[in-house]
Every structure is written in C-alpha cells, then in structure tokens.
There are 2 protein chains.
Amino acid sequence: MPIPNTDSLTAGSLLLAWQLKGKNVLIVGGGDVASGRIESVLVADAHITLISPSNGLHPLTKHFIDATDRIAYHDRAFAGPSDLEGMDMVLTAIDDVEESRRICALCRERKIPINVADIPPSCDFYFGSQIRSGPLQIMISTNGQSPKLANLIRKRIEKCLPDHAGEAIEKVGELRTKLRERAPGVGGELGKKRMRWMVDVCTSWDLEDLALLNDEMMNKLLDNGWEKNAVPKPEDVGLQSPSVIPSWSSLKALLPPTFGFLTGVALTTGLLLTRRRH
Amino acid sequence: MPIPNTDSLTAGSLLLAWQLKGKNVLIVGGGDVASGRIESVLVADAHITLISPSNGLHPLTKHFIDATDRIAYHDRAFAGPSDLEGMDMVLTAIDDVEESRRICALCRERKIPINVADIPPSCDFYFGSQIRSGPLQIMISTNGQSPKLANLIRKRIEKCLPDHAGEAIEKVGELRTKLRERAPGVGGELGKKRMRWMVDVCTSWDLEDLALLNDEMMNKLLDNGWEKNAVPKPEDVGLQSPSVIPSWSSLKALLPPTFGFLTGVALTTGLLLTRRRH
C-alpha cells in the first residue's frame, strides 16, 4: 500500500460522474460553447431548457433543437429568477460578463450548481476534454491550466485505447445483470463471491473477446463457470476468439523487423556478390 | 463538423471537475472506501469533517488523520441533521444500508450533493478510476457497468501517457500567467490573440520540451515570440531539447528493424558462403 504524502495532495479538483437522469438542466446561450454543453447534457439523459435569442444560435445548437424533443427551447434572453424554478443545474455560455455573474449569484442563493463559461470564480465545476464510447466515458482535466494540452492528451489516449473497450464494458454489464438474476441479494458473502467471479472473468479474458459475448455465450459462461466456480476460456463457450487471429496492430508491429530483415538480405547479397566479381 | 445522432446521446453521466477549494465536505465512515474518498477530497483542497468510530478506521484513514490538519476527526457515529450544518458535500461509506439512506434523505432535503458508496440510487454522482500527475487529472468511468474494466483501462492509459505530461501542463500554466501579466485584459481581440499564441506554442513544441521551460526561457519565449508574433524553437530560447536526443522509447522503436537487419545479414551471409563452397 503506497502511503501518499498529504502535502502533494492539493491544487486539483474532485472528478465526478454527475447523474442527471430525469433532472432539469438550464442552458443559457446557444453559441458554439453552448452546443458542446447540450451534447454532454443529452448524454446524461437530462431534460434541457435552453434560453437564447434565435439569432445567436450555432448551427449545431439548431440541429439539436430540431432533432430531439428532450430540449425545451425559448427564443429570448434570460428573464430572471423565475427561469431557475425547478432547475437542478445551470450552465451559461453568453458573452455578457455582468449578466453571467448575476445568474451565478441567483443560483448560489438557491444552491443550484452552476458553470459559467470563461469565468472560473463563477463555476462550481469545470468541464474537461472528453472521450466517449458507449458506457465508457473518459475526462481529461488540466484544472484550467491548458485546455489545448488536454485536447492533445485526449487524442493520444484515443489512439491507445483498446479496440472495442465500450462494447466490452457493455457486455460485462449485461453479464453482471444476468449473474445478479441468477444469484440475487444485496451485499454479504454472496455479493463478494459475485464480485470476485466477475473480476476473474474480466482479468482472464481479453477485452476483444468480452466485446463479442452474446446471450447464449453468457448463459454458457454462467452454467459452466459461475455454477462450477471456474472461468471457462472464450473457446469453451463457443467464441471464435479474435485475440488469436493476428490483428492489424500486431501485423504493424511485425513490419519494422520484416523491413529490417529484407534490407539486411538485400545489402548483404549485394555486398557479397560484388566481392565475388573482384 | 460531425453532426451527432441525438438517439445515441444517452445512458451516460456528465463528467465534471468539481471545485472544492475552501468548501466543507463531510465523510461518514473510515474504512477502505472512505480512505480513498479522503485522498480524492484532499487533492481538491476541501476542509474535511470525518465521522467514524475509531475501531473502524482503515490504516490509511488513520495516516491521513495524523498527517494533516485539514481533517477534523470525530470518533463517533453520525448523530443527525446537526452534522450536516455548513456542509457543501457529503460522502458516506458505511455498511449500514438503512442509516445510509437516512443520511441521503437528509442531504436531499438540504440540497447537499451526496454519494452513498454501493447504493447508486442514493448517489447524485459516482466516482471513477483516476489518474493524477500534477495538474493533470483523468477519470475513467464505465457508468457503473464494470469498475474492474475501468481499472484495466486506467492502467492501459497510464502506460501510453506522454512522459512529463503533468510538468508540461504546469509550465504552460505558468507561461499563460506571465503572458496575462504582460498583456492584461479580459476577453476581446487581445484575449483571442493570447489564446491563439498559446495554442501555437502548445502545438509546435513537444510536451517533453514544454516540461523543461524555466523562468528565463519563458521570458525569452515572450520577448522573441509573443512580442514578435512568432513561436521560437526550443533551442532559440536556450533549451537543450531532449526531443532531439533519442529517448529510450525511440531506441526501443529502433530495436526491431535493427534486429531484423542483423538477422538478414547473418542469414544471407551464411547462405551465400555455403553456396560458394559447393
């Protein structure tokens, strides 16, 4: 157990996955920044109220308003405290600094969490660079130091994420639900046993294999695995494992030595044949 | 601009970097899970009130209580509403499901955001797997589907993170502060020019070089760069760039072709020399 030095535990944020299912989120503003906020909030299954004069709408904001009935749109400016009634969260992205601060003060009186774009002291929380693949969500925050570097690091992470990570997580979630139906109950010894078995499956199978699980294979995995306190291999539940077929990335890894080998053959042949002619 | 299909925007969370500097966080419970919460909340510079009978304290929790005066510790069980006075956030990690739900209800009446370990419906937010390197913080969430896979993916990301990413972000933050002192003002054309120049520096320098910036180099970068609307190279501000010295990772990349080359030379030599003897 590494013991952290408490002096180094500072200057950060508390990273959270906020739950908004069925909650009401007010977004004030409809420009570029607001369109990004709308997308993030839709992902979290919130009801959105969007307040912004229609002449300031970004094309993407317009698209969202037209494409989904999860946004109640009001073509006007923020009107005052009545707009905050029943709201669980407020996000503003308007150019008017004074108005932004006024909205922030109203929210703080009402204990409604708020983010005011570009005014850190008026933010109860910040956003970061994001990656999403099904149920997998990743946030990269530089704590306001450099959004550009956050973006560059996001791209680097995207490249190295295992293929099908999102699908694998989805399938593991389904398997866990099936397991809970088969062995129900909260907490206790059974809960621990369930958790241990799920961990064993996750660590002994490749992500690529987990991603391919279907209903029938999951049932086999539970019949021959959970019931017998074992973890069958992918092929034991009828999976044609892609992890034994070379992937493009493993082929790419073979290219440099192959290239080196051929260069070595060519050069040596050339050299030796030249020598023979002397 | 890729237009997202709104139907696919669902079933996630809103990932946030919550700001807790100077705020009050109540943690109920002192076991394994609580010790992790304490660490995360200390990072965010909050004042912690910890309530837990001392016989249930995890060694790491004990360490935190002893090592910092940022935790007010009370050796007892949760006493009721009076414990919630002045709290900005509450985290519980106790085994008593009924008591947990009672605390949750009290918090919701008071609009205090709460996380109850292991009881998702009693959580306003979830935690995820985390990476931290200075001002860089990364969270991996599987939206409750598979904490184990979140952990495996975290390890994969840790391996592929660029060296010194945290230091680079720190230095870029300092550079931005210096630039703001030199060219002060909020928003407008100057704000945009500042942002563009910072983006240019971040994209044209390697992270490894950014991480090595010192005070003197930053001043040179501003004198010869910002003032002249240019982006000097690392060597122009006196940096012995490590990005031109081959790093271990670039040497590793050279190993396979070199190995292939030598194998090619050896095999061909052997073959041709054998042929000559016939």
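Residues numbered from 1 in each chain as written. Chains lettered and ligands numbered in written order. Predicted model: local features only at pLDDT ≥ 70, side-chain atom pairs only at ≥ 80, totals over all residues. Heavy atoms only, no water.

- Per an unreviewed UniProt entry, chain A carries the name precorrin-2 dehydrogenase and comes from Cerrena zonata.
- The annotation that UniProt attaches to chain A under Catalytic activity (unreviewed entry) is "precorrin-2 + NAD(+) = sirohydrochlorin + NADH + 2 H(+)".
- Under the UniProt heading Pathway (unreviewed entry), the entry covering chain A gives this text: "Porphyrin-containing compound metabolism; siroheme biosynthesis; sirohydrochlorin from precorrin-2: step 1/1." (UniProt positions renumbered as here; feature names shortened; annotations may be inferred.)

**A look at the pattern of salt bridges**
All names here are of chain A.
Right, on to step 1. Summed over the entire model, instances satisfying the criterion amount to 20 salt bridges over all chains.
Right, on to step 2. Between E99 and R102 there is a salt bridge whose closest N-O contact spans 3.0 Å. Placement of the pair is E99 and R102 together in helix α3 (residues 97-109), with a separation of three residues, close to one helical turn.
Right, on to step 3. You can call E99 buried: its relative accessible area is 18%.
Right, on to step 4. Using a relative accessible area of 40% as the deciding quantity, one classes R102 as partly exposed.
Right, on to step 5. The closest approach of N and O atoms between E158 and R154, which form a salt bridge, is 3.2 Å. Placement of both E158 and R154 in helix α4 (residues 147-160) is noted, with a separation of four residues, approximately one turn of the helix. (Salt bridge = Lys/Arg side-chain N within 4 Å of Asp/Glu carboxyl O. Helix = DSSP H or I, 4+ residues; strand = E, 2+ residues; numbered from the N terminus. Buried < 20%, exposed > 50% of the residue type's maximum accessible area, 1.4 Å probe, protein only.)

**Concerning the relation of the copies chain B and chain A**
Right, on to step 1. With an RMSD of 0.6 Å, the fit of chain B onto chain A corresponds to turning through 180 degrees and sliding 0.0 Å along the axis. In symmetry terms, the pair is related by a two-fold rotation axis. Using C-alpha coordinates, one finds that chain B approaches the rotation axis most closely at G264 of chain B, a distance of 1.4 Å.
Right, on to step 2. Interface overlap between copies: 100% of the residues of chain B at the interface are likewise at the interface in chain A, consistent with a symmetric, same-surface contact. (Least-squares fit on C-alpha atoms with pLDDT ≥ 70 in both. Contact = heavy atoms within 4.5 Å.)

**Quick look at the sheet that holds strand β6 (residues 114-116) of chain B**
All names here are of chain B.
Right, on to step 1. Spatially, five strands are ordered β4-β3-β2-β5-β6 in an open sheet, and the strand pairing comes out parallel. Of all the strands in the sheet, just β4 (71-74) and β6 have a single pairing partner and so form its edges. On average, each strand axis in the sheet is tilted by 15 degrees relative to the strand beside it, whichever way the strands run.
Right, on to step 2. Relative to β4, strand β3 (residues 47-51) runs parallel, the two sharing four bridges. Each bridged residue has a counterpart across the sheet, and for I48 the counterpart in β4 is I71.
Right, on to step 3. Docked against the sheet, helix α1 (residues 32-43) engages β2 (24-28), β3, β4, β5 (89-92) and β6, running at close to 170 degrees with respect to β2.
Right, on to step 4. Against the sheet, helix α3 (residues 97-109) engages β2, β5 and β6, with an angle of about 170 degrees to β6. (Pairing = 2+ DSSP bridges. Axes fitted to C-alpha atoms, helices over the stretch in contact; angles between N-to-C directions.)

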